[in-house]
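Structural features, examined
In case you want the letters, here they are:
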Amino acid sequence: MQLKKLEKYTGLTVTVIFLVMILMPILVMKFTRESQISMVEKRRLAKLPEFHFSIEDIKTYPRNYENYFNDHFGLRSRFVWLYNSVFVSLLETSPNFDVIVGNDKWLFFATGFNYQDFTGSRLKSVGTLMEWKQRLEERQKWLAKKGIRYLLLPVPYKISVYSEYLPDRIQPLAGETEVEQFLTFLNQPPQFEDVIDVKKLFMEAKNSQLVYHKTDTHWNLVGAYIAYTAIINHFQRWFPEMQPFPWDELKKNNISFNGNLSDFINIGSLYQEDNLVLDIPDFGKKVLLQAYQLPAPPENSLQRLRHGRAEISLNPSENRSALVITDSFGTALKNFLAMNFRKIIFVQDARFEDLMHLIEIEHPDVVLDLNGSVRFPVALGDSIALRNESIKKVFNNNKSFYHLSGNDFSSHIKQIAGTKYKYESGRLLLQSNGNDPQLVFDSPSGFSKKPLYIHCRMTAPANTIFQIFYQTKNTPYYTEKNMLQTNIQKGINDIYLRLYEPVAIDSLRIDFGKLAGQYEMETFELSY
């Protein structure tokens with residue numbers, strides 16, 4: 001009898017537990033506030049769809065509601081945490097392809113280009129390295145004319161500094177990164193000296209202290225302080241009075257921390273680490289911080305900057321001023337640098353070209369260009385104004401070895417496609433009816449000097465893109481990889497481009513615009 005009662009109550013208990021498990025997520029979903037954004041997945045969650053009696057809604061509403069239900073299912077984040085925890089703890093692997101679970105609870109960010117760069121698969125041609133170096137020199141010269149110094153600091157990948165904590169299957173794949181390749185190139189004569197190779201400092205320091213977070217993509221405050229010390233030591237060449245804020249005077253405190261990578265795969269409580277916090281005593285009394293979500297107010301010099309974030313630090317006890325072009329790595333540096341400058345403007349996720357007007361207004365003593373390896377190629381993007389000024393000097397000082405104008409065009413056109421042409425008033429008139437007109441000139445063959453400078457004066461019917469495709473010894477065909485391009489405006493354009501690759505000049509193709517209409521080419525010339 002008692003056995004039957006026990007079986008009865010056991011069955012009832014199991015039924016109740018089962019019903020609670022089934023209903024609990026629905027009840028939680030019903031009676032809790034809905035989130036609009038998933039901080040774990042870094043995306044906006046689906047909204048509850050509205051239903052209207054229409055054929056289109058009858059077709060799409062079930063799918064839209066399913067997306068909403070999946071995103072807002074009660075206890076969803078708990079289930080995701082449990083699922084991810086099983087992956088990380090038991091299988092020792094990541095539930096997300098963008099995160100690598102390493103040894104000793106190290107996490108690494110590994111998106112496609114990040115991982116490719118780590119393995120040495122994104123190395124650049126000598127021509128690209130020469131172009132990057134030229135851009136740095138042009139920035140430096142433009143600033144020097146205004147009495148402003150320039151310093152470059154590329155931040156290395158955490159994955160390349162702490163590669164020994166990667167899984168055994170990945171460690172042997174380590175290669176030379178873009179930044180490492182470029183720093184080696186900058187050391188070749190003529191050397192570009194105003195650059196800091198902070199990875200060398202990190203490789204020395206990491207034997208005694210952590211310089212990156214184990215669970216985050218960024219350097220920690222120790223790594224930031226090492227970089228800060230290197231920056232101020234470099235500035236001492238120009239401003240001998242500058243001294244780094246002493247390490248011994250920093251307040252130090254250990255706290256538990258889990259970074260953006262542990263949040264990204266939702267295992268924060270499993271992968272907490274000890275984090276050394278470095279505080280400057282009485283910082284708030286010494287420095288005033290102002291933050292702007294761009295665009296700034298009209299009266300502010302930041303008004304022209306439309307995107308990103310800017311912060312200004314004011315320290316009346318100092319004399320110098322600085323502009324820091326940075327990404328998220330600059331956040332940990334702000335307080336340290338603020339101790340050495342009367343005024344610093346930190347602009348996050350901007351290009352040098354975007355800031356030239358601001359530089360002319362603020363006229364800082366130094367410009368610090370500091371970006372992580374992920375953003376490094378963007379940070380070295382071309383400045384059209386500086387490039388044009390530099391190439392103009394070449395054509396003013398050197399005679400063009402190949403110059404077409406007037407009737408010269410008629411005897412040098414080798415191939416033409418997607419357009420009709422004629423000559424009028426000393427100009428080549430091109431009538432394009434599509435978006436891919438092509439013009440190939442019969443040019444001197446065997447040319448292999450570098451750099452090659454190109455100037456084209458032409459009139460466009462609208463704002464469009466001007467492209468030049470070229471061939472090299474290793475790629476005797478046209479490809480997007482071997483292409484120069486620039487934006488052109490409606491009306492007359494003086495287009496200046498340069499090329500550092502060895503080029504087969506008899507195979508230089510011009511795509512003069514992406515829009516239909518009439519283009520007029522007045523001059524096309526090459527120099528070196």
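The present account deals with the structure reproduced in this document. (Residues numbered from 1 in each chain as written. Predicted model: local features only at pLDDT ≥ 70, side-chain atom pairs only at ≥ 80, totals over all residues. Heavy atoms only, no water.)

In this section: the overall build of the protein. Helix and strand counts for the protein come out as 16 helices and 23 strands. The long-range fraction of contacts in the protein, counting pairs at least 24 apart against all pairs at least 6 apart in sequence, stands at 72%. Summed over all atoms, the accessible surface of the protein reaches about 27500 Å², with 53% contributed by carbon and sulfur. (Helix = DSSP H or I, 4+ residues; strand = E, 2+ residues; numbered from the N terminus. Contact = heavy atoms within 4.5 Å. Areas by Shrake-Rupley, 256 points an atom, 1.4 Å probe, with all protein chains shown as cover.)

Turning to helix α7 (residues 178-186), a few remarks are in order. Buried residues dominate α7, accounting for eight of its nine residues. All of the buried residues along α7 are Glu178, Val179, Glu180, Gln181, Phe182, Leu183, Phe185 and Leu186. (Buried < 20%, exposed > 50% of the residue type's maximum accessible area, 1.4 Å probe, protein only.)

On to the nonpolar core, then. Formed by 55 residues in total, the largest nonpolar core has its most connected members in Leu153, Tyr212, Trp219, Ile231, Phe235, Leu337 and Leu370. If we ignore the near neighbours within four places in the chain, the residues touching Leu153 are Ile196, Val198, Ala227, Ile231, Leu368, Asp369, Leu370 and Asn371. (Core = buried A, V, L, I, M, F, W, Y, C linked by side-chain atoms within 4.5 Å.)

Attention shifts here to the sheet that holds strand β14 (residues 413-417). Spatially, five strands are ordered β14-β17-β22-β19-β20 in an open sheet, and the strand pairing comes out antiparallel. On the outer flanks of this sheet lie β14 and β20 (483-488), each paired with one strand and no other. Shown here is a sheet whose adjacent strand axes are inclined to one another by a mean of 15 degrees, direction ignored. Examined bridge by bridge, strand β19 (residues 464-469) and strand β22 (residues 508-511) share three bridges and lie antiparallel to one another. Bridging across to β22, Gln467 finds its partner in Asp511. (Pairing = 2+ DSSP bridges. Axes fitted to C-alpha atoms, helices over the stretch in contact; angles between N-to-C directions.)

Okay, the environment of Asp349 next. For Asp349, the location among the structural elements is in the loop between β11 (343-348) and α13 (356-362). The partly exposed category is assigned to Asp349, whose relative accessible area is 42%. Sequence spacing of Asp349 and Arg309 is 40 residues, and the spatial spacing of their C-alpha atoms is 7.7 Å. Setting aside its immediate chain neighbours within four residues, Asp349 contacts Thr326, Asp327 and Arg375.

Inspection of the secondary structure puts Asp382 in the loop between α14 (376-379) and α15 (384-397). Side chain to side chain, Asp382 and Arg387 meet in a polar contact 2.8 Å long. Contacts of Asp382, omitting those with residues within four sequence positions, involve Glu131, Arg135, Glu353, Arg387 and Arg498. (Polar contact = N/O pair within 3.5 Å; in protein donor to acceptor, adjacent residues only side chain to side chain.)

Every buried residue of helix α8 (residues 198-205) is accounted for by Val198, Lys199, Phe202 and Ala205. Angular distribution of buried residues about the axis of α8 spans 125 degrees; they occupy a single face of the element. Away from its buried face by more than 90 degrees, α8 exposes Lys200 and Glu204. Where α8 is buried, its residues meet β5 (149-155), α6 (158-161), α7 and α9 (221-235). (Arc of directions from axis to C-beta.)

Here the focus is the packing of aromatic side chains. The tally for this structure, following the rule as stated, stands at 27 aromatic pairs. Measuring from centroid to centroid gives 5.5 Å for Trp132 and Phe182, while their planes differ by 90 degrees, and the two rings are edge-to-face. Residue Trp132 is found in helix α5 (residues 126-144), and its partner Phe182 is found in helix α7; the two are separated by 50 residues along the sequence. Side by side, Trp132 and Phe182 carry an identical accessibility label, which is buried. Their ring planes at 85 degrees and their centres at 6.4 Å tell us that Tyr162 and Tyr212 sit as a pair that is edge-to-face. Linking Tyr162 in the loop between α6 and α7 with Tyr212 in the loop between α8 and α9, this pair joins segments that are 50 residues apart in sequence. (Phe/Tyr/Trp six-rings, centres within 6.5 Å; stacked < 30°, edge-to-face > 60°.)

The strand order across the open sheet built from six strands is β5-β12-β10-β11-β9-β8, with neighbouring strands paired in mixed fashion. Only two strands of the sheet have a single neighbouring strand rather than two, namely β5 and β8 (288-293). Sheet twist, expressed as the average angle between the axes of neighbouring strands with direction ignored, equals 15 degrees. In terms of strand pairing, β5 meets strand β12 (residues 366-372) through seven bridges, oriented parallel. Paired with Leu153 across the strands is Leu370, a residue of β12.

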